[in-house]
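In case you want the letters, here they are:
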Amino acid sequence: MHTSSYFTAPMLSAKINSYRAEAEAANDRAEAAELALKQLLAQQTEREQDLISLQNRVQLLQEEADKREAQLEEAKQIQKDNAATLNQSDVVLKKAGTLEEKIEKLEIQLREATTNAHNLDLENEGLQRKLVQMEKNAQDAETRYEELMEKYQAIKNELEETMRTLDEI
């Protein structure tokens, strides 16, 4: 008779069922963590695409602002060259004023786009931190699952040994 442990079959069965439940719960948590990780990765990809889109928009707005500034400078130069003619000067001033208004609007849009890009960067950093934590949680859950499976296998082997011992008796 094996004297190292006095477990009855119902006690071992209950213990095994308990370990199975723990293993299943750990597996469920790992699956939930993987799903959350996939969702965060999808969100991050979407945010990165939004950021790229905004960066492209900022670049286009900056180029447009540069063009407008060049046009404004050209208009100012034309104004200086045609100062003798009041009528031509008025036309150029009107055009310059219109261009300045457009530039101001473009500068406002540029500031807004820059702010949006900054906000997306901050949000992306937050998502990165969440992603790292979710990966750690998934790894922890997987480690716990492996530990529980080892315990389960050890108890199962011990039960089989006990059952063989009981059968021999």
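Parameters and conventions
Residues numbered from 1 in each chain as written. Predicted model: local features only at pLDDT ≥ 70, side-chain atom pairs only at ≥ 80, totals over all residues. Heavy atoms only, no water. Helix = DSSP H or I, 4+ residues; strand = E, 2+ residues; numbered from the N terminus. Polar contact = N/O pair within 3.5 Å; in protein donor to acceptor, adjacent residues only side chain to side chain. Salt bridge = Lys/Arg side-chain N within 4 Å of Asp/Glu carboxyl O. Buried < 20%, exposed > 50% of the residue type's maximum accessible area, 1.4 Å probe, protein only. Patch = residues over 30% accessible without salt bridge, like charges linked within 9 Å, V, L, I, M, F, W, Y side chains within 5 Å. Areas by Shrake-Rupley, 256 points an atom, 1.4 Å probe, with all protein chains shown as cover.

Asks: Sorry if this is basic, but what is going on with the side chain of Thr165 here?
Replies: Relative to the elements of secondary structure, Thr165 occurs in helix H2 (residues 86-168). Among the polar contacts made by the side chain of Thr165, one reaches the main-chain carbonyl oxygen of Glu161 at a distance of 2.8 Å.

Asks: Sorry, what's going on with the pattern of salt bridges here?
Replies: Oppositely charged side chains can pair when the atoms bearing their charge come close. Here the structure, examined in full by the defined rule, presents seven salt bridges. A salt bridge links Glu147 to Arg144; the shortest N-O distance between them is 4.0 Å. One end of the pair is Glu147 and the other is Arg144, both in helix H2 and three residues apart, which spans about a single turn. Under the relative-accessibility criterion, Glu147 is labelled partly exposed at 38%. Measuring nitrogen to oxygen at the nearest pair gives 3.0 Å for the salt bridge that ties Arg164 to Glu161. Of the two residues, Arg164 and Glu161 both sit in helix H2, three residues apart, roughly one turn of that helix. A single salt-bridge network, built from bridges that share partners, covers Glu22, Arg144 and Glu147.

Asks: Just checking my understanding: could you explain a nonpolar patch on the surface for this structure?
Replies: The grouping of Met163, Leu166 and Ile169 at the surface amounts to a nonpolar patch, some 300 Å² of accessible area in total. For Leu166, the position within the fold is in helix H2. Classification of Leu166 by relative accessible area gives partly exposed; the value is 47%.

By themselves, these are just geometric observations and shouldn't be taken as functional.
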